[in-house]
Amino acid sequence: MIIDAHMHVLQSGRDFSDELAGYYLSMYDGQTSWRTGAAHTLDDWCLPIETLIADLDAAGVDRAVVMTLGSAPLGGHDPTLAEDVAEWCRRYPDRLIGMLTADPLGGDAEAARIRRDVPRLGLQGVKLLPSYSRLAINDRRLWPIYEAVSELDVPLVMHTGWCAIPRGRTLAHDHPLLAEDVLADFPSLRLILAHCGFAWSEQVLFMLAAHPTVCADLAFWSPTMPAWRAATTLSHAKHLGVLDRLLWGTDYPFASPRQDLAYWRLIPAAAERLGLDPAPTDADIERFLGVNAALALGLAAAA
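Our subject in this report is the structure included herewith. What you see is a predicted model, and the numbers here were worked out from it, not measured in a lab. (Residues numbered from 1 in each chain as written. Predicted model: local features only at pLDDT ≥ 70, side-chain atom pairs only at ≥ 80, totals over all residues. Heavy atoms only, no water.)

## Comments concerning the overall build of the chain
Next, step 1: Within the chain one finds 11 helices and 9 strands.
Next, step 2: Its C-alpha radius of gyration of 18 Å places the chain within 12% of the 19 Å reference for a compact globule of 303 residues.
Next, step 3: In terms of overall dimensions, the chain has C-alpha extents of about 50 × 45 × 40 Å along its principal axes.
Next, step 4: The 303 residues of the chain split such that 59% are buried.
Next, step 5: In the chain, 76% of the contacts between residues at least 6 apart in sequence involve partners at least 24 apart.
Next, step 6: Entry remark: accessible area of the chain is about 11,600 Å², with carbon and sulfur atoms responsible for 52%.
Next, step 7: A gap of 1 Å separates the mean positions of the 24 positive and 38 negative side-chain charges of the chain. (Helix = DSSP H or I, 4+ residues; strand = E, 2+ residues; numbered from the N terminus. Rg over C-alpha atoms; globule rule 2.2 N^0.38 Å. Buried < 20%, exposed > 50% of the residue type's maximum accessible area, 1.4 Å probe, protein only. Contact = heavy atoms within 4.5 Å. Areas by Shrake-Rupley, 256 points an atom, 1.4 Å probe, with all protein chains shown as cover. Lys, Arg positive; Asp, Glu negative; His and termini not counted. Charge placed at Lys NZ, Arg CZ, Asp CG, Glu CD.)

## A closer look at unusual backbone geometry
Next, step 1: Note the cis peptide between Tyr-252 and Pro-253, where omega equals 10°.
Next, step 2: Relative to the helices and strands, Pro-253 resides in the loop between strand S9 (246-247) and helix H9 (257-265).
Next, step 3: Even without being a glycine, His-195 presents a positive backbone phi close to 70°.
Next, step 4: The residue His-195 is located in the loop between strand S7 (191-194) and helix H7 (201-210) in this model.
Next, step 5: Phi at Cys-196 takes a positive value of approximately 50°, unusual for a residue other than glycine.
Next, step 6: Locating Cys-196 in the fold gives a position in the loop between S7 and H7.

## What about H9?
Next, step 1: Of the positions making up H9, those classed as buried are Pro-257, Asp-260, Leu-261, Tyr-263 and Trp-264. With its buried residues spanning 160° around the axis, H9 presents them on a single face.
Next, step 2: Looking at the buried positions of H9, the neighbouring elements they touch are strand S1 (3-8), helix H2 (49-59), helix H8 (227-240), helix H10 (267-274) and helix H11 (282-296). (Arc of directions from axis to C-beta.)

## Digging into the packing of H9 against H11
Next, step 1: The interhelical angle for the contact between H9 and H11, taken along N-to-C directions, is 145°, at an axis separation of 10 Å. Between H9 and H11, the residues in contact are Leu-261, Trp-264 and Arg-265 and Ile-285, Glu-286, Phe-288 and Leu-289, respectively.
Next, step 2: Of the residues assigned to the contact of H9 with H11, the class counts are 5 nonpolar, no polar and 2 charged. (Axes fitted to C-alpha atoms, helices over the stretch in contact; angles between N-to-C directions. Nonpolar A, V, L, I, M, F, W, Y, C, P; charged D, E, K, R; others polar.)

## So, the pairing of strand S2 (residues 63-67)
Next, step 1: The element S2 is largely enclosed, with a buried count of 5 among its 5 residues.
Next, step 2: Neither face of S2 is exposed, since Arg-63, Val-65 and Met-67 on one face and Ala-64 and Val-66 on the opposite face are all buried.
Next, step 3: In the sheet, S1 pairs with S2 via 4 bridges, with the strands oriented parallel. Across the sheet, the residue bridging to Ile-3 is Arg-63, located in S2. (Pairing = 2+ DSSP bridges.)

## What about the pattern of salt bridges?
Next, step 1: Across all of its chains, the model carries 15 salt bridges by this definition.
Next, step 2: Measuring nitrogen to oxygen at the nearest pair gives 2.9 Å for the salt bridge that ties Asp-139 to Arg-141.
Next, step 3: The class of Asp-139 is buried, set by a relative accessible area of 18%.
Next, step 4: Each of Glu-83, Arg-116, Asp-117 and Arg-120 takes part in salt bridges that share partners, so that together they form one network. (Salt bridge = Lys/Arg side-chain N within 4 Å of Asp/Glu carboxyl O.)

## Looking at the nonpolar core
Next, step 1: One finds Leu-52, Leu-96, Tyr-146, Leu-246 and Trp-264 to be the most contacted residues of the largest nonpolar core, which totals 95 residues.
Next, step 2: Setting aside residues up to four positions removed in sequence, Leu-246 forms contacts with Cys-196, Leu-205, Leu-208, Ala-216, Leu-218, Leu-234, Ala-237, Phe-288 and Asn-292.
Next, step 3: Of all hydrophobic cores here, the second largest spans 16 residues; its members include Met-67, Met-99, Ile-192 and Leu-247. (Core = buried A, V, L, I, M, F, W, Y, C linked by side-chain atoms within 4.5 Å.)

## Some details on the packing of aromatic side chains
Next, step 1: If you walk through the whole model with that rule in mind, you get 15 aromatic pairs.
Next, step 2: The interplanar angle of 70° and the centroid separation of 6.4 Å between the aromatic rings of Trp-162 and Phe-198 together place this pair among those described as edge-to-face. Of this pair, Trp-162 sits in the loop between strand S6 (156-159) and helix H6 (179-185) while Phe-198 sits in the loop between S7 and H7, placing them 36 residues apart in sequence.
Next, step 3: Here the aromatic cluster, defined as three or more aromatic residues joined through ring pairs, consists of Phe-16, Tyr-23, Tyr-24, Tyr-28, Trp-45 and Phe-254. (Phe/Tyr/Trp six-rings, centres within 6.5 Å; stacked < 30°, edge-to-face > 60°.)

Structure, rendered in structure tokens:
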């Protein structure tokens, strides 16, 4: 069972507003799309759900966690997209696992929506991107959302490490250690630290060691991290006994599932070249590519 724990389905003019689209096109200027080999266009990112399923099939991925973006100040949050996510999951019940993307600025009203819509729509968790709305992870305005998710006892996928929005505090607001303030008040929160904090991945591993309800995904690592860094991170996680709480994810459509799988399956060879001890094995990688996510998401049968 291979599970991509972090995939986006973006909708032009809804969660992918004109302002966000323009910023991404500017940021990727001069780079080529993994899909076409040509310059990026909106068609590389705003794809129909059928294309996502076809990309899963082509890569040999069994299931995927799907979510939308949420950047309220940039016009990139549409609460009705939760209905779309639920519909996609109904159409592909054996392939897709849906998340509700929350509005970080929504306060008590957003907490009420989470309590209502996650069970009503059959969604399996919540995605939150505080920095995309210019909030830090430990901003007290987020506490109603944390309380609602904790009460529901579903995973909260929390963006960490670095964000891509104009005029945002892309590092200060995204430091994963800010989540400790959240866990102090909500110790049972099933937190998944997205991107493993990128530059702060070592601190994230120690957070996992300290907090048994916390996991981390390594989405968007293949485009941003050299193989030696990924190999060292998995080796350190194995040493700390937390490798089973690291999850594979791609950050699709910004990364290719097929290419990302190839990157991770070469990590044991990279670890051997580096002389790492303990070294991540092929068996470790296969668990990382699916079983760990199944356990974190409560998919007991798949696990």
